[in-house]
Amino acid sequence: MEHPGRIVVVSADIGAGHDRAADELAHRLRARGFAVDRLNLLHLLPHPVHRVVRETYRGVLHRLPWGYHALFRLTGRSQTAVRAIRALLRPFRRHLRRRIPPDTRAVVTTYPFANQLLGPLRRRGRLRVPVITYVTDFVVHPTWLAPGVDVYCAVRHAETHQASAADVTAVQPLVSRAFTRTGPEDRRRARQRFGLPAEGVLALVVAGSWGAGEVAATVAEVATAGVRPVVVCGHNAALRHRLRGAGRHVLGWVDDMPALMRAVDVMVENAGGLTCQEALAAGLPVVTYRPIAGHGRANAAILARAGLSRWAATPQQLGPVLAAVIGTGPVAPSRDDVSQDPAGLVAEAARRAPPAGPAGTRRPLLDPVGDAVAVLAALLQSTGGLR
């Protein structure tokens, strides 16, 4: 049977959250019969430059968090700064357009700077199909917004940044249905699988795929509060090595996060991204502690205002906050069934749209060095990529 159309999902391997949301969306769209192409925006760059850009961003986040926070605030307050980023990325528009097959019916993004390329293409008529974005944060930062984007999708409690104006559609989180809160027997099996103690209260400490932020201090202070930490270090091998020992439960990259969340009693997080959405979907209580600069602090404030998490602002507050949320037991899973499934929204738009057609034959005059510098400057203040 012929598929109802092709959909291109554009993400980027900056952290893991953008890709995980894109993976879930692609899974749902394929289940509806669509052909789905995945596109990593950073693959527009030569491979060595791609790696340099990603590692430079990681380095700034780890070593210069104050600089990252300043860039986040600057682009949040100044439309001129966002327009400058859009201009810097302009050389890549035609290159990206050529990666969209002629039979494409919609393009979906889960990474903000993809919008700064695709929005202008759509607005100028060089891309005939709708451009839809799924915001992976709880804050719709101005770097997500670009003229020409048809629909911005965000979870129900997300807030638009005060310096921005955007029509945002509330959707269900792009979270796998495997994130569910089950019974005591599932908890026992999950603890056994990960080598965790059968009894006692466990706190899952997460810091994204890069293990960013003040993780060591968080682990020590959770333990001081009388709760045994289970730490996920992601791909940060140095952090995992540093935290090992003294009876700690320290894990690297975990493929089965749904099972690990069933094994614990609370999650302590620092960025409020997709992992937080997964925990809420699973009914796992969430505590925000030592949030990272930029989007981490912005998400923490929104989560606290919405009552979705508790924000422990100091080490002295951490113990009482953990005791309070653990004392309440599992919370009602946040599936937000009233909101629309983003895959259904995309599918509806794709069925109405004509195919994208050919990209054209004009070749852009690209300066590889200038392009690399432009993308590097823009990516340094990318938001929401850690989960």
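None of the values given here were measured: they were computed from a predicted structure. (Residues numbered from 1 in each chain as written. Predicted model: local features only at pLDDT ≥ 70, side-chain atom pairs only at ≥ 80, totals over all residues. Heavy atoms only, no water.)

Caption draft 1: A look at unusual backbone geometry. A positive phi angle is found at Arg290, which is not glycine, with a value near 45 degrees. Take Arg290: it is sitting in the loop between strand 13 (286–289) and helix 12 (295–306). (Helix = DSSP H or I, 4+ residues; strand = E, 2+ residues; numbered from the N terminus.)

Caption draft 2: Region of interest: the sheet that holds strand 6 (residues 151–155). Taken in spatial order, the 6 strands of this open sheet run 2-1-3-4-6-8, and their pairing is parallel. With partners counted over all chains shown, the strands left at the sheet margins are strand 2 (35–40) and strand 8 (168–171), one partner each. Sheet twist, expressed as the average angle between the axes of neighbouring strands with direction ignored, equals 25 degrees. Both strand 4 (residues 131–134) and strand 6 contribute to a ladder of 3 bridges, which runs parallel. Directly across from Thr133, in strand 6, lies its bridge partner Tyr152. (Pairing = 2+ DSSP bridges. Axes fitted to C-alpha atoms, helices over the stretch in contact; angles between N-to-C directions.)

Caption draft 3: Spotlight on the nonpolar core. Membership of the largest hydrophobic core comes to 99 residues, with the highest contact counts inside it found for Ile7, Leu29, Leu41, Leu118, Leu127, Leu204 and Leu260. Here this core takes 6 residues from helix 14 (residues 342–352), the largest share from any one element. In contact with Leu260, other than residues within four places in its own chain, are Phe194, Leu196, Leu204, Val230, Val232, Leu251 and Val254. In terms of nonpolar packing, the next biggest core, distinct from the first, is built from 21 residues, Val215, Val219, Ala312 and Leu322 among them. (Core = buried A, V, L, I, M, F, W, Y, C linked by side-chain atoms within 4.5 Å. Buried < 20%, exposed > 50% of the residue type's maximum accessible area, 1.4 Å probe, protein only. Contact = heavy atoms within 4.5 Å.)

Caption draft 4: Quick peek at helix 4 (residues 79–89). Ala81, Val82, Ile85, Arg86 and Leu89 are the residues of helix 4 that are buried. In an axial view of helix 4, the angular spread of the buried residues amounts to 145 degrees, which keeps them on one side of the axis. Opposite the buried face of helix 4, by more than 90 degrees, sit the exposed residues Thr80 and Ala87. N-cap assignment for helix 4: the residue whose side-chain oxygen lies 3.3 Å from the backbone N of Thr80 is Ser78. (Arc of directions from axis to C-beta. Polar contact = N/O pair within 3.5 Å; in protein donor to acceptor, adjacent residues only side chain to side chain.)

Any functional reading would require information that these geometric values do not contain.
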